[in-house]
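A look at the structure
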Amino acid sequence: MGTSFLLIYNKIKILLWFIAWTSLNSCNSQQPYDISNCYSSQTSPGSRYTCNSTHDTCKTFLVYRSNHNFQTISQISNLFNKTTNEVLHINNLTSSSQILKQGKEVLIPIECTCSGQLYQAKLTYKVLDNTQTFSSIACEVFEGLLKYFTLSNENQSQGNNEPKVGDELYVPLRCACSQNFSKSVIKYFVTYPLIEGDTFDKLMKKFGFSLEDFFEANQLQTYSSIFPMTVVLIPLQNENGSIKILDVPDSPSPPPDFLPINPFETQGSSTQASNLYIAGPIIGFFLFITLVASGFYMKKLKQTDVAIVDSFNPTNSTTLWSPIRTSTTSCLSPDFLVGLKYCLLNYHIEEIEKATKFFSDVNKIGEVVYKGLINDIEVMIKRLRFEETSEVIDLHSRINHVNIVNLIGVCYGEGDLVSWSYLVFELPKNGCLRDCLLDPCNTLDWYRRTQIVFDIATCLYYLHYCSFPSYAHMNVNSRNIFVTENWRGKLADVGGVSNNVLHGSVSQKVDIFAFGVVLLELISGREKCEGKLIKDCVGFLMGEGSEGGGCFEGLRSFVDPNLKDYSLPEALCLCFLAKDCLKDDPMLRPTMDDIMKVLAKMV
């Protein structure tokens, strides 16, 4: 009896060992997808691809995109220590010196080897200047083909210091071999760095793989998501002895319902529209000449008869127009500015001082922002350094959205040791959102709050996706959101917008986090809750402190007591949305596109 039991036990043990060995061997070529981006210091499966044997060596490819530093095949080939001929041949190109379109995807042949149970394509890189860091080299020069902490760890001879000019760094790029993949027809795993806009559908059209193979190669489930600034493996067959990347046009623009911008209507055929675009620069040039000539002409008239200038003052007594000009010593001529910057008004420093009561603390509404009264209309006046002014004006001339606080005019200060300028913005009647929420008599009902949420979301969507180049606000908060007379939301301090091509998706995720905080403030009416920041007060969503009441009971105590009538399901939905926006890992936060899809069903 005992012998039979022992025999059965040994057979089961051998069977289990065989199953485990088979599973391990079959999964050898599958690599887990790492959702953290290149800049993350988080170590997780997929940060580096693993292998089991030094025999796991293969020839494969990676994808690199041309950029302003590496814009020819010659430059890209040198970066990867390849001859120009082999890169040209693989990519069906003929010229090694031709300037490639920014973002052009180039296939780079590599040898992927197994070393220390890690797959890697071995490369060296010589540091070119003192501004380069491990982070910039990994995530910008090599576009996230390895994570920055991998580069740092592999070059420990540098200590904890950043590399110096002339240092030669060891660069182990991510790669993997497909020898043991379940489908023998798959010959290559191509290392592909994801960017904003990459989707499963777009990748399938580019490379022609099956979604099932893609999920298996990257150990993904059917409900999984992929994120920009991460890396995936593209499983490809070797059809006709070559592989290629097909050109896939960008996705169509979102429907106009999501973009409440000032309308621009065209009529006639597409040919007429093309003529309009061609004629635009010509008309603009002649308009510019006309405006400059008019400026000189008006200046001459003013010297002879001031009344003529006054005749241009609109009859409306509430207008912000002022005939007083700024200093003629300014290198940015006000006449020139009026002509080019959508008719900005120009104010004298004396008008600004009078409007703000000489910048009194009573009129101060921000660190360098004052409210003022010009011709009986309330305005916001922001002080900036002279050199920053043109950047903000240029930005406001590029953007066009009803939910952005309007820039009205400019004043160039004079006589200061530090040259200050002042920008004049509209001041929406109901003030900033934070003050509205603090007012015990506020009339911000649930409908108005959800409308303000939608207004700010559409504004951020516009900045992230519909402006060119795309922008991130980087300073979204309830004190930078203003409420109009009819209770619509407007975003201010857009002059602080940053545009960073290399870090664009990361900076946009900063906006997402801030938007989540604003969401919670609108629901609760508070900046803090029980001494904690508002973002740390949504534990009830996970059942914390519910004592049997569930998350609905926690939500009821969280909601602003001034809200007498609100939708509990909508409030819960917004809380969960805010919770996702506040995730520690930026790449796990939703995009403004995701947020808009949720909010569009509520407003």
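As shown above, the structure is provided for reference.
Residues numbered from 1 in each chain as written. Predicted model: local features only at pLDDT ≥ 70, side-chain atom pairs only at ≥ 80, totals over all residues. Heavy atoms only, no water.

Before going further, it helps to spend a moment on helix α6 (residues 200-207). One turn of the α-helix equals 3.6 residues, which is why residues spaced by three or four share an orientation. Inspection of α6 places Phe200, Lys202, Leu203, Lys206 and Phe207 among the buried residues, and these make up the whole buried set. Angularly, the buried residues of α6 cover 165° about the axis, an arc narrow enough to put them on a single face. Residues of α6 that are buried in the fold lie against β1 (58-65), β2 (105-115), β5 (186-193), α7 (211-217) and β6 (231-237). With its phi angle positive at about 75°, Gly208 sits one or two positions after the end of α6. (Buried < 20%, exposed > 50% of the residue type's maximum accessible area, 1.4 Å probe, protein only. Helix = DSSP H or I, 4+ residues; strand = E, 2+ residues; numbered from the N terminus. Arc of directions from axis to C-beta. Contact = heavy atoms within 4.5 Å.)

Turning our eyes to something else, we now look at the state of the cysteines. Summed over all chains, the structure comprises four disulfides. Across a sulfur-sulfur distance of 2.1 Å, Cys58 and Cys177 are joined as a disulfide pair. Negative torsions about the S-S bond denote left-handed disulfides, and the value of about -90° found for Cys58 with Cys177 makes this one left-handed. Placement of the pair is Cys58 in strand β1 and Cys177 in the loop between β4 (168-173) and β5, with a sequence separation of 119 residues. The burial state of Cys58 is the same as that of Cys177; both residues are buried. Bonded cysteines in the protein are paired 1-6, 2-5, 3-8, 4-7 when counted in the order they occur along the chain. (Disulfide = S-S within 2.5 Å.)

For Ile377, the position within the fold is in strand β9 (residues 377-385). We classify Ile377 as partly exposed; its relative accessible area is 29%. The spatial distance from the C-alpha of Ile377 to the C-alpha of Lys429 is 9.9 Å, given a sequence separation of 52 residues.

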